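Inside the fold
Chain by chain, the residues:
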Amino acid sequence: MKRTIPLFITAIGGFVLIAAVFSGYTQSWGEVAAIWFDVLAAIAFLLGGGNLMKIHLRKISDRAAGWAYSVVTLVAFLATLIIGLGKIGVNPAEQFPDKVFSGSYREVGGPFWLIYEYAFKPLTATMFAMLAFYVASAAFRAFRAKNFEAILLLGTAFIILLGRTYAGVWVTGFLDPDGPLSGLRLENVTVTIMKVFNTAGNRAIMIGIALGIASTSLKVLLGVDRSYLGGGEG
Amino acid sequence: MYEFLRDLDRRWIFLMMFLCVAVPIIVIGITGKTFPEEPTDLVRAVFDSIEDLPRGSKVLLSYDYDPASEGELAPMATMFAYHCAARGHKMYFMALWPVGPQMVDDTIENILKRDFSHLEYGKDYVNLGYKSGYEGVIKVIITDFTELYSTDTRGTPWSAIPMCEDVESVQDMDLIVNVSAGYPGTKEWVQYAVTPYPKLRIVAGCTGVQAPLLYPYIPEQLHGLLGAIKGAAEYEALVTARYGAEMAQRDAEGNPLTDDEGRYVIRGKYTEGIRRMGPQLVAHLLMILLIILGNIVFFIERRKERRR
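In this text the structure is predicted, and so the values were computed from the model without any measurement.

About the cut-offs
- Residues numbered from 1 in each chain as written.
- Chains lettered and ligands numbered in written order.
- Predicted model: local features only at pLDDT ≥ 70, side-chain atom pairs only at ≥ 80, totals over all residues.
- Helix = DSSP H or I, 4+ residues; strand = E, 2+ residues; numbered from the N terminus.
- Contact = placed C-beta atoms within 7 Å.
- Buried ≥ 20, exposed ≤ 12 C-beta atoms within 10 Å, placed from the backbone.
- pLDDT = per-residue confidence, 0-100.
- Domains from an automatic or database assignment.
- Nonpolar A, V, L, I, M, F, W, Y, C, P; charged D, E, K, R; others polar.
- Expected span 1.5 Å × (residues − 1).
- Pairing = 2+ DSSP bridges.
- Axes fitted to C-alpha atoms, helices over the stretch in contact; angles between N-to-C directions.
- Right-handed = clockwise from strand over helix to strand, strands pointing away.
- Core = buried A, V, L, I, M, F, W, Y, C linked by C-beta atoms within 7 Å.
- Parallel < 35°, antiparallel > 145°, perpendicular 65-115°, else oblique.

This paragraph deals with the overall build of chain B. Counting its secondary structure elements, chain B contains ten helices and six strands. For chain B, the spread of C-alpha atoms along the three principal axes comes to 80 × 50 × 35 Å. Across chain B, every contact between residues at least 6 apart in sequence was considered, and the portion connecting residues at least 24 apart equals 75%.

Here you go:
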């Protein structure tokens, strides 16, 4: 039963969504299924939170390597959750002054806003900004012209790197923008690479992926592929 | 020299990158000088899509990004809001990312409330907020907004919001503007909104790594695209060229509207993209230099190995 019921739900859900696309009569079924999906997605947050707690509590109780980071994670998670859900420090909304929790949890100056503004925002921005340093280091150590393909890649990288800045305009500025050789201006070569070569390659990959998804989905819907159910007897 | 490059500590590279970004920021901040931008066709398509809509058109702005990509995407998000407001469109803000509402709040606070104080919440713009469900949200609101958005972020019922009275679903929008940092984002809007309902029009702004993946949808399914900070800078150039006089007028506070060269003096927040092209230029040149130096080391090593 543990495996049969999920298989049944998957098949019904999948085939309803397929039928909704191909038939006008069943279109509303697809809309209902989509609403169910959104409700389930909201519930998935609970599962995710529970799983996070479970993993990190176990790590702390086992004193596993890096357990102190788990403490930081749990404290940050619980503090944000309690402040956000409890709407701590939130004032009532202007239009509902007698309703205690009617204000926005994102209110400027509130505890949740402080967490977002002074912890979440700088931390995530810093993590993303650090990419520039690692990419620069990788460019020096790993980007080698080892063979013909690598040389092509390097050449394209140079054109795009120059073409996406004013350097591209400056380097090939001697070519008349309206002349017959205007296509060789670096900013135009960049556009051609993106529009022609990149699009052609990406479309081929996307069509391949789509065909793969279609075949895998059919296997799942028909119950041939049951790996998503995990192990265990049913 | 060869030994120095071969054994180069990566901390020197980090320092060089830091200087390559920091120095242009400081120089541009002091001098105010920036590089000129020549908009490409894709950016012009974005501009025209908003500009050509009749006044009072309904524009859905979905801000699907977070603080991690704010440096790259906030300038275009700012400009989208400015352009729509200046053009007199009705703006419906929403987000598919959990921290998207904060991005919307920033835009409303810094652009609409400060520079368009005559615009009224609920009549000219509304913040619908975030809903969980990734592309599932698009699949629902494409036929009925109220299934998920029964209220706006202030708790006002959908039916009590004046500008939502004649809006049933995304299909009632004249244009979708998406600012995207990944999944869910422009790809999902194209796949689940524009492709099944081809009458809908969408333009987008995205991160640099996303842009190549979105080109295959241009121009039938995606009508215009701002790729990374370069796209934002070009879009800023178009919008400031069209609305520069109004922007300068608003910020002048008694000061001259134009500089010595006759260009309108426009406040930093509307030229953030253009200003960031300076650090981008120098950082890109550093990358090219590092690749060349790395390959010089590589070829010298290879020659030495062959000799052995």
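Attention now goes to the overall build of chain A. Counting its secondary structure elements, chain A contains seven helices and zero strands. With respect to the principal axes defined by its C-alpha atoms, chain A has extents near 70 × 50 × 50 Å. Per-residue burial over chain A gives 11% buried out of 234 residues. Of the contacts made within chain A by residues no fewer than 6 positions apart, 32% connect residues no fewer than 24 positions apart.

This brings us to the confidence of the model for chain B. Residues and elements named next belong to chain B. Here chain B shows a mean pLDDT of 91. Residues at 70 or above account for 94%. Element-level pLDDT for chain B is lowest in helix α1 (residues 2-6), with a mean of 85, against a maximum mean of 97 in strand β4 (residues 175-180). Listed scores for the predicted complex are pTM 0.89 and ipTM 0.84.

Residue and element names in this part refer to chain B. If you check the domain split of chain B, you get domain 1 (1-34 + 271-308) and domain 2 (41-240). Each of domain 1 and domain 2 was reduced to a C-alpha centroid, and the two centroids are 36 Å apart. Each partner contributes to the interface: domain 1 provides seven residues, whereas domain 2 provides ten residues. Residues of the side of domain 1 that touches domain 2, tallied by class, amount to two nonpolar, three polar and two charged.

Take unusual backbone geometry next. With an omega of -10°, the peptide bond between Tyr 183 of chain B and Pro 184 of chain B qualifies as cis. Across the junction of Ile 218 of chain B and Pro 219 of chain B, the peptide omega takes the value 5°, indicating a cis bond. A positive phi angle, close to 50°, is found at Arg 63 of chain A, a residue other than glycine. Within the secondary structure, Arg 63 of chain A sits in the loop between α2 (27-61) and α3 (67-85). What makes Arg 63 of chain A exposed here is the crowd of 8 C-beta atoms within 10 Å. Although it is not a glycine, Lys 87 of chain A adopts a positive phi angle of roughly 50°. Residue placement: Lys 87 of chain A occurs in the loop between α3 and α4 (111-142). Under the C-beta neighbour-count criterion, Lys 87 of chain A is labelled partly exposed, with 18 such atoms within 10 Å.

Our focus in this paragraph is α4 of chain A. Between its terminal C-alpha atoms α4 of chain A stretches 45 Å, which fits the 46 Å expected from 32 residues at 1.5 Å a residue. Of all the residues in α4 of chain A, the buried ones are Phe 112, Ala 136, Ala 139 and Phe 140 of chain A. On its buried side, α4 of chain A packs onto α3 of chain A together with α2 (10-31) and α10 (272-307) of chain B.

Time to look at the interface of chain A and chain B. Between chain A and chain B, the residue contacts involve 47 residues of the former and 51 residues of the latter. Those elements that place two or more of their residues in the side of chain A that touches chain B are α2, α4, α5 (148-163), α6 (166-171) and α7 (186-221) of chain A. Here the side of chain A that touches chain B takes 14 residues from α4 of chain A, the largest share from any one element. In the side of chain A that touches chain B, the residues fall into 30 nonpolar, eight polar and nine charged.

Attention shifts here to the sheet that holds β4 of chain B. Residue and element names in this part refer to chain B. Read across the open sheet, the six strands follow the order β3-β2-β1-β4-β5-β6; overall the sheet is parallel. What marks the edges here is a single partner per strand, and that holds for β3 (125-130) and β6 (224-227). For this sheet, the mean angle separating the axes of adjacent strands, direction not counted, is 15°. Alignment of β4 against strand β5 (residues 202-206), held across five bridges, turns out to be parallel. Paired with Ser 180 across the bridge in β5 is Cys 206.

Once that is clear, we can look at the pairing of strand β1 (residues 58-64) of chain B. Residues and elements named next belong to chain B. Among the seven residues in β1, six count as buried, and that is most of the element. With five bridges connecting them, β1 and strand β2 (residues 90-95) associate as parallel partners. In the strand pairing of β2, Ser 62 is matched with Met 94. You can see the chain leave β1, run along helix α4 (residues 70-87) and come back into β2, and the turn it takes is right-handed.

This brings us to the nonpolar core. Ranked by internal contacts, the top residues of the largest apolar core, which has 103 residues, are Leu 61, Ala 81 and Phe 93 of chain B. No fewer than three residues from each of domain 1 (1-34 + 271-308) and domain 2 (41-240) of chain B sit in this core.

Time to look at the packing of α4 of chain A against α10 of chain B. Working note: a packed helix pair is described by the angle between its axes plus the distance between those axes. The geometry of α4 of chain A relative to α10 of chain B is characterised by a closest axis approach of 6 Å and an angle of 30° between their N-to-C directions. Considering their axes alone, α4 of chain A and α10 of chain B lie roughly parallel with respect to each other. Counting all contacts with α4 of chain A, which are made through Ala 132, Ala 136, Ala 139, Phe 140 and Arg 141 of chain A, the residues of α10 of chain B involved are Ala 283, Leu 286, Met 287, Leu 290, Ile 291, Leu 293 and Gly 294 of chain B. The residue makeup of the contact of α4 of chain A with α10 of chain B, split by class, is ten nonpolar, one polar and one charged.

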